[in-house]
Amino acid sequence: MEPIFEALAVSVGYTAPILREISFSLYPGEMVGILGRNGCGKTTMLRAITGEIPCIRGEIRLQGEDIRRLSVRERARRTAVMPQGGHAMPGITVLEAIAMGGYAQEGFRWGLSPRLRQKVESCAEDLGISSLLHRDLGLLSQGQRQMVLLCRLLVQDTPLMLLDEPNAALDYDNARQLLYRLRQLVRQKERGALLVLHDPQLALSYCSRLLIVHQGKISADVSTEAPVKALEKSLNILYPGLRLTENPLEAGYFCALCAKTVV
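Report follows, based on the coordinates.

Rules and cut-offs
- Residues numbered from 1 in each chain as written.
- Predicted model: local features only at pLDDT ≥ 70, side-chain atom pairs only at ≥ 80, totals over all residues.
- Heavy atoms only, no water.
- Helix = DSSP H or I, 4+ residues; strand = E, 2+ residues; numbered from the N terminus.
- Rg over C-alpha atoms; globule rule 2.2 N^0.38 Å.
- Buried < 20%, exposed > 50% of the residue type's maximum accessible area, 1.4 Å probe, protein only.
- Contact = heavy atoms within 4.5 Å.
- Areas by Shrake-Rupley, 256 points an atom, 1.4 Å probe, with all protein chains shown as cover.
- Lys, Arg positive; Asp, Glu negative; His and termini not counted.
- Charge placed at Lys NZ, Arg CZ, Asp CG, Glu CD.
- Polar contact = N/O pair within 3.5 Å; in protein donor to acceptor, adjacent residues only side chain to side chain.
- Axes fitted to C-alpha atoms, helices over the stretch in contact; angles between N-to-C directions.
- Parallel < 35°, antiparallel > 145°, perpendicular 65-115°, else oblique.
- Left-handed = near helix turned anticlockwise from the far one by under 90°.
- Nonpolar A, V, L, I, M, F, W, Y, C, P; charged D, E, K, R; others polar.
- Pairing = 2+ DSSP bridges.
- Phe/Tyr/Trp six-rings, centres within 6.5 Å; stacked < 30°, edge-to-face > 60°.
- Expected span 1.5 Å × (residues − 1).
- Arc of directions from axis to C-beta.
- 1 Å grid on protein atoms, 1.4 Å probe; cavity = no way out; pocket = protein on both sides within 12 Å on 5 of 7 lines; lining within 4 Å.
- Points joined across faces, edges and corners; volume = space filled by probe spheres on them.

## Some remarks on the overall build of the protein chain
Then, number 1: Looking only at helices and strands, the protein chain features 9 helices and 12 strands.
Then, number 2: For 263 residues, the compact-globule formula gives about 18 Å, and the C-alpha radius of gyration of the protein chain, at 19 Å, lands near that figure.
Then, number 3: In terms of principal-axis extent, the alpha carbons of the protein chain reach across some 55 × 45 × 35 Å.
Then, number 4: The proportion of buried residues among the 263 residues of the protein chain is 51%.
Then, number 5: Sequence-distant contacts, at least 24 apart, represent 64% of the contacts inside the protein chain between residues at least 6 apart.
Then, number 6: Accessible surface for the protein chain amounts to roughly 12,700 Å². Of this, 51% is attributable to carbon and sulfur atoms.
Then, number 7: Positive and negative side-chain charges of the protein chain, numbering 31 and 27 respectively, have mean locations separated by a distance of 4 Å.

The structure is reproduced here in structure tokens:
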């Protein structure tokens, strides 16, 4: 199976590297969580993948092609981004905001095509936000906007999806709904998703692999189905004292953070 995405000894930064010698691949059906301290370069990694920040060294490939050889339009057809927070964008409806995700595939035109409208409405129904479609985006809560951004991401329908703290501002139930729906899509349609997360429990529950970013490097790349000791060793890089136990409610592990843990 060919990877959707490859980072080959990539160093990224501005005047000096923030991330150094990063190498990893993402395959169809994988949902990979990036964990790391604030300022460690997690968002920088996503911005490098989209081509917004150039690589100082190394190469990033999308479906086997160097991103530097792809046009902006072609990158948008292969990579969809859910940014951190998102702008309120007052004056446009939720329907219009979600439909923007379809322009990379269909091209911009005045008015929605019947096919794109149906796609938007179907996705909104799946996420439980159909009642918001004709509301002003600027009047929604931060949590509601997060669900709208996810819907736009799904409508864009790309092989690779990048999500920067997708659970920000979401309550417990909506955060789990968002990640559950995303995992379903990734598995059923053989897409790839790369997520920046801060909650190790959510990462363990929904991701297939974890990348631990520490001191400008990927310090661990571990499957969430790895033996408990291997997972604890990797997570302890960021969360000293973290212990895992079998989760009685679902497959996987439950995090127990001891009192000395620095979060």
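## Here's the deal with the environment of Asp-221
Then, number 1: Take Asp-221: it is sitting in strand S10 (residues 217-223).
Then, number 2: Distance in space between the C-alpha atoms of Asp-221 and Arg-209 is 7.0 Å, their sequence separation being 12 residues.
Then, number 3: A polar contact is formed between the side chain of Asp-221 and the side chain of Arg-209, at a distance of 2.9 Å.

## Brief notes about the packing of helix H5 (residues 114-126) against helix H6 (residues 142-156)
Then, number 1: At their nearest, the axes of H5 and H6 sit 10 Å apart, and the two run at 135 degrees to each other. In terms of axis orientation, H5 runs oblique to H6. As H5 packs across H6, the resulting crossing turns out to be right-handed. Between H5 and H6, the residues in contact are Leu-116, Lys-119, Val-120, Cys-123 and Ala-124 and Cys-151, Leu-154 and Val-155, respectively.
Then, number 2: Broken down by class, the residue content of the contact of H5 with H6 amounts to 7 nonpolar, no polar and 1 charged.

## A look at the sheet that holds strand S2 (residues 17-26)
Then, number 1: Across the sheet, which stays open at both edges, the 4 strands sit in the order S2-S1-S4-S5 with antiparallel pairing between neighbours. Of all the strands in the sheet, just S2 and strand S5 (65-66) have a single pairing partner and so form its edges.
Then, number 2: Two strands pair when backbone bridges link them, and strand S1 (residues 5-13) and strand S4 (residues 55-62) are joined in this way by 6 bridges, in the antiparallel orientation. Bridge pairing in S4 places Ser-11 opposite Arg-57.
Then, number 3: In the packing of helix H1 (residues 42-49) onto the sheet, the strands contacted are S1, S2 and S4, and the crossing angle to S2 comes to about 65 degrees.

## Observations regarding the packing of aromatic side chains
Then, number 1: Across all of its chains, the model carries 1 aromatic pair by this definition.
Then, number 2: Considering the side-chain rings of Phe-5 and Phe-24, the 5.2 Å spacing of their centres and the 50 degrees angle between planes classify their relative orientation as tilted. Note that Phe-5 is positioned in strand S1 and Phe-24 in strand S2, a separation of 19 residues in sequence. Assigned by exposure class, Phe-5 and Phe-24 land together as buried.

## Section: H5
Then, number 1: The end-to-end C-alpha separation of H5 is 18 Å, in line with the 18 Å expected for 13 residues at 1.5 Å each.
Then, number 2: Taken as a whole, H5 has its buried residues at Leu-116, Val-120, Cys-123 and Ala-124. One face of H5 carries all of its buried residues, which in axial projection span an arc of 100 degrees. For H5, the exposed residues set more than 90 degrees away from the buried face come down to Pro-114, Arg-115, Gln-118 and Glu-125.
Then, number 3: One or two steps after H5, the chain reaches Gly-128, where phi turns positive at roughly 75 degrees.

## A short note on empty space enclosed by the protein
Then, number 1: On inspection of all chains with the given rule, the structure shows 2 cavities of 30 Å³ or more.
Then, number 2: The volume enclosed by the largest cavity comes to roughly 60 Å³.
Then, number 3: Elements with a minimum of two residues in the lining of the largest cavity: S1, S2 and H1.
Then, number 4: Among the residues making up the lining of the largest cavity, the classes are represented as 11 nonpolar, no polar and no charged.

Honestly, that's just the spatial picture; any functional story needs more than this.
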